[in-house]
Amino acid sequence: MLEKELGQASKMAQQANREVEKLRARLLKESEKAVAQGKKELSAARRKQTAANARLKKARAAFRSRPTTDNEKKLQELMKQATHMRDLVADLASDVASAVEKLVPLKTDAL
């Protein structure tokens, strides 16, 4: 009787272990996808930030050569955009870094 119960417990433990491994593999796969997506978004945001900074530089030069109110408004708007992009890139970089930190232990556990 005891051996029968021990066999059943062993079988249940094996099933639970298989289920845990499936869930761990699924979590690892989803984490890798999230990190890849974050890196992709970060790269796109950096390109947009570079473009915004280039536009801002040109607007500053135009404002220095012709300081009109229209140029000043454009310059202020571009400064807001550049600041927003800088903040966005910083937030995305920190999000990606934290996702990578969470992913590394998952990968080492999977091995």
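Residues numbered from 1 in each chain as written. Predicted model: local features only at pLDDT ≥ 70, side-chain atom pairs only at ≥ 80, totals over all residues. Heavy atoms only, no water.

(A) Spatial organisation of the overall build of the protein. The secondary structure content of the protein amounts to two helices and zero strands. For 111 residues, the compact-globule formula gives about 13 Å, and the C-alpha radius of gyration of the protein, at 27 Å, lies well above that figure. For the protein, the spread of C-alpha atoms along the three principal axes comes to 95 × 20 × 15 Å. Considering the protein as a whole, with its 111 residues, one finds that 18% of them fall into the buried category. Within the protein, counting contacts between residues at least 6 apart in sequence, those at least 24 apart form 73% of the total. Per element, the accessible surface of the protein, about 9,000 Å² overall, is 56% carbon and sulfur. (Helix = DSSP H or I, 4+ residues; strand = E, 2+ residues; numbered from the N terminus. Rg over C-alpha atoms; globule rule 2.2 N^0.38 Å. Buried < 20%, exposed > 50% of the residue type's maximum accessible area, 1.4 Å probe, protein only. Contact = heavy atoms within 4.5 Å. Areas by Shrake-Rupley, 256 points an atom, 1.4 Å probe, with all protein chains shown as cover.)

(B) Structural context of the side chain of Gln49. Relative to the helices and strands, Gln49 resides in helix α1 (residues 2-65). With residues near it in sequence (within four places) discarded, Gln49 still touches Met85, Arg86 and Val89.

(C) Spotlight on the environment of Ser98. Along the chain, Ser98 turns up in helix α2 (residues 69-110). The partly exposed category is assigned to Ser98, whose relative accessible area is 30%. On a C-alpha basis, the gap between Ser98 and Val35 in space is 9.4 Å, while along the polypeptide they are 63 residues apart. A distance of 2.9 Å separates the side chain of Ser98 from the backbone oxygen of Asp95, its partner in a polar contact. (Polar contact = N/O pair within 3.5 Å; in protein donor to acceptor, adjacent residues only side chain to side chain.)

(D) Layout of the nonpolar core. In this structure, Leu56, Ala59, Leu75, Leu78 and Ala82 together form the largest nonpolar core, which totals five residues. At three residues, α2 tops the list of elements feeding residues into this core. For Ala59, the residues in contact, after removing those within four places along its chain, are Leu75 and Leu78. (Core = buried A, V, L, I, M, F, W, Y, C linked by side-chain atoms within 4.5 Å.)

(E) Representation of α1 in the model. In a regular helix each residue adds 1.5 Å, so 64 residues correspond to 94 Å; α1 covers 93 Å between its end C-alpha atoms and thus fits that length. All buried positions along α1 are accounted for by Leu28, Ser31, Val35, Gly38, Leu42, Ala45, Gln49, Ala52, Leu56 and Ala59. (Expected span 1.5 Å × (residues − 1).)

(F) Layout of the side chain of Asn71. Tracing the sequence through the fold places Asn71 in helix α2. Judged by its relative accessible area of 13%, Asn71 falls in the buried class. At 2.8 Å, the side chain of Asn71 and the backbone oxygen of Arg66 are in polar contact.

(G) Local environment of the pattern of salt bridges. The tally for this structure, following the rule as stated, stands at four salt bridges. In this structure, Lys74 and Asp70 form a salt bridge, with 3.7 Å as the shortest nitrogen-oxygen distance. Placement of the pair is Lys74 and Asp70 together in helix α2, with a separation of four residues, close to one helical turn. The class of Lys74 is partly exposed, set by a relative accessible area of 47%. Taking relative accessible area as the criterion, Asp70 reaches 43% and is therefore assigned partly exposed. Of the charged contacts, one joins Arg86 and Asp87 as a salt bridge, the two residues approaching to 3.7 Å between their closest N and O atoms. (Salt bridge = Lys/Arg side-chain N within 4 Å of Asp/Glu carboxyl O.)

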